[in-house]
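Listed below, chain by chain, are the residues.
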Amino acid sequence: MAETRQVPRNDVNHPPESTLESYARSFPEADVEALETHLALASASGSITRGIEARIRELGFDLTRQRYTVVRMLFLTPEQSLPQSEIAQQMSVSGANVTQLIDALAGDGWVEREIDAADRRVTNAKLTEAGRERASVLVPAIFDLMVESCADLDSGERAELRRLVAKVKARV
């Protein structure tokens with residue numbers, strides 16, 4: 001029989017007790033500690049996404065996390081241009097999803113499409129001049145946020161966290 005234990009309520013590092021209790025009630029043999037760990041990891045992921053989106057808004061930009069990811073990818077390439085298929089592959093999303101992202105970014109003046117000179121079957125997404133100017137403010141600000149988010153962890157803790165996250169990711 002699963003062991004019942006108290007979980008702190010409304011602690012950012014722990015899911016609400018009612019969530020764990022609901023699972024424990026529905027699945028009496030469940031490993032509640034593993035569930036708590038998974039929910040904490042999912043919560044951290046959500047907090048990171050919300051933090052990035054909040055910083056984007058603070059800077060005056062109207063971009064989702066996925067649109068920001070496309071902008072960042074383009075900004076950090078030497079040509080500031082990538083084939084849409086490569087964007088899809090790197091983001092682990094469908095080509096149709098990337099088409100929608102590029103459509104929205106193009107509509108807002110961030111990117112433009114161009115046919116690849118070497119292979120006319122390939123369509124590249126490329127930052128516009130306005131997109132480069134905006135990204136030169138946005139990407140460094142998000143970089144700073146990413147670094148700040150791990151500032152309280154020492155080198156060993158960072159390595160351990162990366163190792164543990166990789167271990168969890170390998171199971172899903």
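Above: the structure in question.
Now for a description of the structure that goes with this document. Per chain, the residues get numbers from 1 upward, laid out in the order the sequence is written. Reporting of local features is limited, given that this is a predicted model, to residues whose pLDDT is at least 70; pairs of side-chain atoms are given and counted only at 80 or more, and all residues count toward the totals for whole chains, interfaces and linings. By convention in this description, side-chain values take in all heavy atoms of the structure and omit both hydrogens and water.

1. Some words on a nonpolar patch on the surface
Link 1 in the chain: Taken together, the side chains of F143, M146 and V147 present a nonpolar region at the surface, about 290 Å² in accessible area.
Link 2 in the chain: The way it works is that DSSP assigns letters per residue, a run of H or I at least four long becomes a helix, a run of E at least two long becomes a strand, and they are numbered from the N terminus. Residue position: F143 is located in helix α6 (residues 129–149).
Link 3 in the chain: A relative accessible area of 48% means that F143 is categorised as partly exposed. Residues qualify for a patch when their relative accessible area is over 30% and they have no salt bridge, like charges being joined within 9 Å and the nonpolar side chains of Val, Leu, Ile, Met, Phe, Trp and Tyr within 5 Å. Using a 1.4 Å probe, accessible areas were evaluated by the Shrake-Rupley method; residue-level cover was limited to the displayed protein chains. The salt bridge definition used is simple: a Lys or Arg side-chain nitrogen within 4 Å of an Asp or Glu carboxyl oxygen. Here's how the labels work: a residue is buried when its accessible area is under 20% of the maximum for its type, exposed when over 50%, partly exposed in between, all with a 1.4 Å probe on protein chains only.

2. Structural notes on the nonpolar core
Link 1 in the chain: Working definition of a nonpolar core: buried Ala, Val, Leu, Ile, Met, Phe, Trp, Tyr and Cys residues. They are joined through side-chain atoms within 4.5 Å. I56, V70, L74, I87, W110 and L138 are the most contacted members of the largest nonpolar core, which has 26 residues in total.
Link 2 in the chain: At the level of elements, α2 (32–58), α3 (65–75), α4 (84–91), α5 (95–107), β3 (123–127) and α6 are the ones that each hand at least two residues to this core.
Link 3 in the chain: Apart from the residues within four sequence positions on either side, L74 is in contact with Q80, S81, L82, I87, V111, A125, K126 and L127. Only heavy atoms matter for contacts: two residues are in contact if any of them lie within 4.5 Å across the pair.

3. A word on the packing of α3 against α6
Link 1 in the chain: Axis definition: a line fitted to C-alpha atoms, over the contacting stretch in the case of helices. Angles run 0 to 180 degrees between N-to-C directions. The geometry of α3 relative to α6 is characterised by a closest axis approach of 10 Å and an angle of 105 degrees between their N-to-C directions. In terms of axis orientation, α3 runs roughly perpendicular to α6. Of the residues in α6, those in contact with Y68, V71, R72 and F75 of α3 are R132, A135, S136, L138, V139 and I142.
Link 2 in the chain: Ten residues, namely Ala, Val, Leu, Ile, Met, Phe, Trp, Tyr, Cys and Pro, are considered nonpolar, four, namely Asp, Glu, Lys and Arg, are considered charged, and the remaining ones, Gly among them, are considered polar. For the contact of α3 with α6, the class distribution of residues is 7 nonpolar, 1 polar and 2 charged. Each angle receives one of four descriptions, namely roughly parallel if under 35 degrees, roughly antiparallel if over 145, roughly perpendicular if within 65 to 115, and oblique otherwise.

4. So, α5
Residues three or four positions apart in an α-helix share a direction because the helix packs 3.6 residues into each turn.
Link 1 in the chain: A helix is expected to span 1.5 Å multiplied by its residue count minus one. With 13 residues, α5 ought to run about 18 Å at 1.5 Å a step, and its terminal C-alpha atoms sit 18 Å apart, in line with that.
Link 2 in the chain: Considered for burial, the residues of α5 that qualify are V98, L101, I102, A104 and L105. When α5 is viewed along its axis, its buried side chains cluster within an angular range of 160 degrees and face the same direction. Every exposed residue of α5 that faces more than 90 degrees away from the buried side is listed here: A96, Q100 and G107. Starting at the helix axis, one direction is taken to each C-beta atom, and the arc is that of these directions.

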